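Below, each chain spelled out in residue letters.
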Amino acid sequence: GAGVSQSPRYKVAKRGQDVALRCDPISGHVSLFWYQQALGQGPEFLTYFQNEAQLDKSGLPSDRFFAERPEGSVSTLKIQRTQQEDSAVYLCASSFRDTNPGETQYFGPGTRLLVL
Amino acid sequence: GNSVTQMEGPVTLSEEAFLTINCTYTATGYPSLFWYVQYPGEGLQLLLKATKADDKGSNKGFEATYRKETTSFHLEKGSVQVSDSAVYFCALSEGGNKLVFGAGTILRVKS
């Protein structure tokens, strides 16, 4: 079956530009996560949805970052007024539910964002 | 807070050598532990996991045992192949929620 998909795969933005990154989770998956992966580092948590509810946004680095999942399926991560330090790979993951210890998260291929 | 520390790489081995990648964690409760792998040009994929102490996760010849007394989850494989060349990430999760990752270890296997 289809896995997690993300678009665009690559995005080049000028500093100050707004960007929107899309994630299509695996159909039927309740939980959706966004992570940021800087070059040479492990992914770091940004935010988490259970259906359409954003239950944890503690990892969003600033108020320029905003995520939504209005119908409990597709999610968009928006970054306003991009800065060079926002350059990273943005990963989306989904899981069937989040209440089971050891629940597997399935990752998309990521969107590589470069801010010039 | 929760954290994961894994051995720095790159680790370079010859084909058929024994592999160990060390991983230790700090957590407030009893987390689930994971190894994810990222092959060149591909996304992160789950390699194996363990959800409670003394559990052993295994897949594709890799294995790791959840050691609560040493807070460790070391990854091992008896005989590596060139196709195992990738970046390996150790991670933990509490309550099935967000993952906390280590920095990753690059593995290079030479033929």
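These numbers were taken from a predicted model, which means no experiment stands behind them.

*Asks:* Describe in detail unusual backbone geometry, supporting the description with residues and values.
*Replies:* With omega at -10°, the peptide bond leading from A:Ser7 into A:Pro8 counts as cis. Its location among the elements puts A:Pro8 in the loop between strand 1 (5–7) and strand 2 (10–13). Omega for the bond connecting B:Gly9 with B:Pro10 falls within 30 degrees of zero, at 0°, which places this linkage in the cis form. Tracing the chain through its elements places B:Pro10 in the loop between strand 1 (3–6) and strand 2 (11–14).

*Asks:* Could you give an account of the nonpolar core, naming the residues involved and the relevant values?
*Replies:* Residues and elements named next belong to chain B. Of all hydrophobic cores here, the largest spans 26 residues; its most connected members are Leu19, Trp35, Leu47, Leu48, Phe73, Leu75 and Tyr88. Ranked by residues supplied to this core, first place goes to strand 10 (residues 86–93) with 4 residues. Non-local contacts of Leu47, meaning those with residues more than four positions away in its chain, are made with Trp35, Tyr36, Val37, Asn59, Lys60, Phe62, Leu75 and Tyr88.

*Asks:* Summarise the interface of chain B and chain A; cite the residues concerned and give the values.
*Replies:* With 18 residues of chain B at the contact, the number on the chain A side is 23 residues. In total, about 1500 Å² of surface goes out of reach between chain B and chain A, with carbon and sulfur atoms giving 52% of it. The tally of links from chain B across to chain A stands at 1 salt bridge. The salt bridge involving A:Asp56 is made with B:Lys98; its shortest N-O contact spans 3.7 Å. Seen at the junction of chain B and chain A, the total is 4 residue pairs in polar contact (both at pLDDT 80 or more).

Scoring rules and cut-offs
Residues numbered from 1 in each chain as written. Chains lettered and ligands numbered in written order. Predicted model: local features only at pLDDT ≥ 70, side-chain atom pairs only at ≥ 80, totals over all residues. Heavy atoms only, no water. Helix = DSSP H or I, 4+ residues; strand = E, 2+ residues; numbered from the N terminus. Core = buried A, V, L, I, M, F, W, Y, C linked by side-chain atoms within 4.5 Å. Buried < 20%, exposed > 50% of the residue type's maximum accessible area, 1.4 Å probe, protein only. Contact = heavy atoms within 4.5 Å. Buried area = accessible area lost by both parts, 1.4 Å probe. Salt bridge = Lys/Arg side-chain N within 4 Å of Asp/Glu carboxyl O. Polar contact = N/O pair within 3.5 Å; in protein donor to acceptor, adjacent residues only side chain to side chain.

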